[in-house]
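# Coordinates in review
As a plain string of letters, each chain reads:
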Amino acid sequence: MTSTSTRRTAEHGSFTITRTYPAPPERVFAAWSSRDAKARWFGDPAASDYALDFRVGGTETNRGGPPGGPVYTYAASYEDIVPVERIVYGYTMQADGTLISVSVTTVEFAAAAGGTTPTFTEQGVFLDGGDTPAVREKGTGELLDALGAALA
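Predicted, not measured: the structure shown is a model, and the values here were computed from it. (Residues numbered from 1 in each chain as written. Predicted model: local features only at pLDDT ≥ 70, side-chain atom pairs only at ≥ 80, totals over all residues. Heavy atoms only, no water.)

## Concerning empty space enclosed by the protein
Tallied over the entire structure, the rule returns one cavity of 30 Å³ or more. By volume, the largest cavity amounts to about 30 Å³. The leading source of residues in the lining of the largest cavity is strand 7 (residues 115-127), at three residues. Along the lines of polarity and charge, the residues of the lining of the largest cavity split into six nonpolar, one polar and no charged. (1 Å grid on protein atoms, 1.4 Å probe; cavity = no way out; pocket = protein on both sides within 12 Å on 5 of 7 lines; lining within 4 Å. Points joined across faces, edges and corners; volume = space filled by probe spheres on them. Helix = DSSP H or I, 4+ residues; strand = E, 2+ residues; numbered from the N terminus. Nonpolar A, V, L, I, M, F, W, Y, C, P; charged D, E, K, R; others polar.)

## As for the side chain of Thr116
Within the secondary structure layout, Thr116 lies in strand 7. A relative accessible area of 0% means that Thr116 is categorised as buried. Of note is the side chain of Thr116, whose polar atom sits 2.7 Å from the backbone oxygen of Ala23. Separated by 3.4 Å, the side chain of Thr116 and the backbone oxygen of Pro24 make a polar contact. Thr116 has contacts with Arg19, Thr20, Tyr21, Ala23, Pro24, Pro25, Val28, Phe109 and Ala110, leaving out every residue within four places of it along the chain. (Buried < 20%, exposed > 50% of the residue type's maximum accessible area, 1.4 Å probe, protein only. Polar contact = N/O pair within 3.5 Å; in protein donor to acceptor, adjacent residues only side chain to side chain. Contact = heavy atoms within 4.5 Å.)

## Some thoughts on the sheet that holds strand 3 (residues 59-64)
On the basis of which strands lie adjacent, the open sheet formed by seven strands has the order 1-7-6-5-4-3-2 and antiparallel pairing. With partners counted over all chains shown, the strands left at the sheet margins are strand 1 (10-18) and strand 2 (51-52), one partner each. Both strand 1 and strand 7 contribute to a ladder of nine bridges, which runs antiparallel. If you follow His12 over to strand 7, its bridge partner there is Val125. Running at roughly 30 degrees to strand 1, helix 3 (residues 133-151) makes contact with strand 1, strand 5 (86-95), strand 6 (98-112) and strand 7 of the sheet. (Pairing = 2+ DSSP bridges. Axes fitted to C-alpha atoms, helices over the stretch in contact; angles between N-to-C directions.)

So, in structure tokens, the structure goes:
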């Protein structure tokens, strides 16, 4: 039972972010589908707690956080993969074992002049003030910037 002093909230939000990278669609898609390539921008390549099983029905997990800060746990499940075109997955985020969000994400890859423009769209519910759509969008933008650096 929830304590009367704990306010439970569910904030819904969605956002779309696009970037254009000077790399062909196959290389940008591989940056999402290969464990080693994705770990260079999304996880710690040396981390034993980062796992990627990139296939429909497969999962991805990542744990970590700032020194002395909360430990975040990302757990995803792949629902649809069309090579070099689209990835659809659902995922949860926890902070120190407490569920803070549940999201559905689509990444669409489009050839662009001199490269690739992926479009990242996320729809989520952010729970009990542990995360917000604005914070998630900012963090996702930073990850997509890290992807650009890894592709450079």
